[in-house]
Structure formats: C-alpha cells, structure tokens
Amino acid sequence: MDLAFEEVAQAYFDCRRHKRRTLYALDFEFNLEKNLFRLFEELREGRYKIGKSIAFVVEQPKIREIWSATFRDRVVHHVIYNRLSPRFYPSFIRDTFACIPGRGNLDASNRLWAGMRSITRNWSMSAYFLTADIRNFFPSIHKPTLYEFLLTKTPESWLRELIYQVLFHDPRIYCCARSSKEAFARVPAYKSLWHAPLDRGLPIGNLTSQFWANVYLNDFDQWMKHEIRAHYYYRYVDDFVVLHESPDFLNECFKRSSEFLATRLKVEIHPFKHRLGTVDQGVDFVGYFHKPYRRYLRKRTVNRMKSAVNCWRADPDAFNDQSLLRLRNTFNSYSGLLRHSASFRLRQHLGEKVNCLFISPDKSYAKLILPVRK
C-alpha cells in the first residue's frame, strides 16, 4: 500500500477548513495525533469501517434530505478526493461546474453569458437555448455504473476497496435522524434515499457524492461535445444549457440526450423541466436570469432575502444572538450574489433597512454586533 500518513493528515486539514469550531471537529481534535494515527492504521490494514450517519431535512431553497457523515468519515472522503481529483479533473470539459476549484456559480454564469454574447454576435443576431435537468439526480445514480467509471483511473487495489465500501455503503442501516418523522414524510418518496433501491442513490451532503456526480456525468459531457457537437454547452451538477442558432438542432439534441442518458447512465431527463426559447427571453441558470446586456437574481431568491430582513424588522426581540449571527451571514451571502447582477436599487433599498445591523461600538469592525436593544 502506498498510502502515507501525510495524506491522512492533509485530508484532516482540508476537512476541518471552515468547520474547526464544530463540535465534531473539536472532539476529533481533542486527541488529534491518536485519532489520526488510528485512522491511518485502519486504512492501511483494511480494517476501516464507516460510522453512523446523521440524517435531517432542510426546506430551503427546496425540501430535501441531507446525510452527514461523521467527521472521521469525512476525513476518509478527503483522502479519496485528494487521490482521485487530480486524475479526473483534466478529463472534464471546461464548461462543467460545481465541486471544481474555481468553477462555482459565478464562473458558470459568466461562461454562459459570454456564450450568449458570442452566439448572437454581441446580441445582434437571434439564437435559441435549451435548458433541462436530470430527474431526481442524486437518488437515481446507478452505483455499479459509477463504480466502473471510477475504476478506470484507480489502479490501487486498496483504494478500489475503499471506494467500493464508501460507494455501496447504505447509510440507512446505522443512522441518527435529527429531524422529525413528519419532516421526513414531507420529502417526496422519489427524492428520498429511504425509498431508493440498494444499487441507486448517493447521499446528499458528502464530498464524495458531489465529486462523483461530475465523474458520473463526464461521459454525457464528452458525448455532447464530440457526438452532438454542441459548442455552447454548459452543465452545473444535473442542470445543463445548450445554445444554438437552430431550434431544430436543439429539439434533436433533447431527444438524443434523453436516449443516451437512459441507456448509458440509466437516468432520465425531467419531463416537465426542460425549456426551449430564444436567448432574448432570458436563460435561467445557476441562480441568475441572463438577458441581453444584464442579468438578474432569481425572484424567489430575492423574496427569501426580503423575507429574512422583514422577519427581523417585524420582531427584533424574538432573535437571540445565534439567530442574529445567522441573519448576518445570510444577508452578507445574498449581498455577494447581488453584486454581480443588475440590482443597484434593490441593494440600496435593503441597505437602508439593515444598515444599522452591524456596527462595532469602537468602529474597529473587528466584531460585528447589533445595536443595543431597548
């Protein structure tokens, strides 16, 4: 086995980034050297076993299940990711995004916007777009097919066994449910991992699931580029956009894409979430609505931001310090999104409502707090 202790240590440092103050990270760090060395020994000797998963339900921006692995298991996920990502990233096309360094929402939006300008010759010609997404993507991923893709760049036998254990592990057998039964019941059965067959479904919330989703759809990306010859093709997780001068080409592209995904990857395009239209109508992608010369934030995102601010203004005393900290982080996150869209008046309007929120008494801005309540 060529696994070095330094790899496990580096995986730990990567795992704790932005999570060092969490209870699970602090518990692991309390006996750091002992825990790291024990994990390294278990991996080297093949004795590693996956621990308990934590399942809960989130309702924003849409209702879905989240499966969180223990901190120790997340370190193992980073060991796998650090090994495999340098092998797979060079084979990914440039216009695939999510869980790739430097290719987030803003990069996807900029690339699509640039493609829209290019195909219309700076908005002087007409063009068409096709948007679609894969139905229930994460619960529908076929594990044996994904495992075949992963084996193509994994010659190490110990790493193959570790990937097999993580990929085919059923988190439902040994898990802790943090949400109520009523909350889990609100999740549609076709979106729930509880109702997925044993050979399908990746848990949403793990690093490996996000990375393997790109590996799984890489065949579709290559097919779109080399077989369909879709020059203006962009994908973010399971959502994709194709631009072309001919609507007939896009209709044929949709038909052939559905057949390829069903036969090769054993998934299907959502029958009610595809759209064909002109570029002038605007393209909805990665949270932005792209139109000629400008782009906007989605209305539902703006409404959620307004709702969060209005809730605080309606009853400030109902918020404790932890709730106010979440409100601050939420507002700052939304403000970052608004900076890259045509939203000056909206930012000005919201700024007037919350400009009193985060003022440091000594004006040093070392700590952002709320004004003293009456």
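Every value quoted in this text rests on a predicted model; they were computed, and no experiment measured them.

Engineer: How should the sheet that holds strand β1 (residues 53–58) be read in this particular structure?
Structural biologist: Across a sheet, paired strands are connected by hydrogen bonds in the backbone, their directions being either parallel or antiparallel. With mixed pairing, three strands are arranged side by side in an open sheet as β2-β1-β5. In this open sheet, the two strands that pair with only one neighbour each are β2 (64–68) and β5 (175–177). Direction aside, the axes of adjacent strands within the sheet are offset by 25 degrees on average. The sheet contact formed by β1 and β2 spans five bridges and is antiparallel.

Engineer: Explain helix α7 (residues 143–151) here, please?
Structural biologist: Every α-helix carries 3.6 residues per turn, so stepping three or four residues along brings you back to the same face. Along α7, the residues that are buried comprise Lys 143, Thr 145, Leu 146, Tyr 147, Phe 149 and Leu 150. In this fold, the buried residues of α7 make contact with α4 (71–88), α8 (157–167), α10 (207–226) and α11 (247–265).

Engineer: Help me understand the packing of aromatic side chains, please; the structure alone is not making it clear to me.
Structural biologist: For any two aromatic rings, the description comes down to two numbers: the centre-to-centre distance and the angle of the planes. Scanning the entire structure with this criterion turns up 27 aromatic pairs. Here a set of aromatic residues connected by ring pairs shows up, and it is made of Tyr 81, Phe 88, Tyr 89, Phe 92 and Phe 211. Directly above the ring of Phe 88 sits Lys 153, whose terminal nitrogen or CZ lies 5.9 Å from the centroid. The ring of Tyr 288 carries the charged tip of Arg 295 above its face, separated from the ring centre by 5.5 Å.

Engineer: Is there a simple way to think about the pattern of salt bridges in this case?
Structural biologist: Within this structure, the stated rule accounts for 18 salt bridges. Across the pair Arg 94 and Asp 107 runs a salt bridge, and its minimum N-O distance is 3.1 Å. You can see Arg 94 sitting in the loop between α4 and β3 (96–97) and its partner Asp 107 sitting in helix α5 (residues 105–119), a full 13 residues away along the chain. A relative accessible area of 37% means that Arg 94 is categorised as partly exposed. Note on Asp 107: relative accessible area 18%, which makes it buried. Its salt-bridge partner being Glu 268, residue Arg 135 comes within 3.7 Å of it at the nearest N-O pair. One end of the pair, Arg 135, is in the loop between β4 (128–133) and α6 (137–140); the other, Glu 268, is in the loop between α11 and β8 (275–278), and 133 residues separate them in sequence.

Reading the values: rules and limits
- Residues numbered from 1 in each chain as written.
- Predicted model: local features only at pLDDT ≥ 70, side-chain atom pairs only at ≥ 80, totals over all residues.
- Heavy atoms only, no water.
- Pairing = 2+ DSSP bridges.
- Helix = DSSP H or I, 4+ residues; strand = E, 2+ residues; numbered from the N terminus.
- Axes fitted to C-alpha atoms, helices over the stretch in contact; angles between N-to-C directions.
- Buried < 20%, exposed > 50% of the residue type's maximum accessible area, 1.4 Å probe, protein only.
- Contact = heavy atoms within 4.5 Å.
- Phe/Tyr/Trp six-rings, centres within 6.5 Å; stacked < 30°, edge-to-face > 60°.
- Lys NZ or Arg CZ within 6 Å of the ring centre and 35° of its normal.
- Salt bridge = Lys/Arg side-chain N within 4 Å of Asp/Glu carboxyl O.

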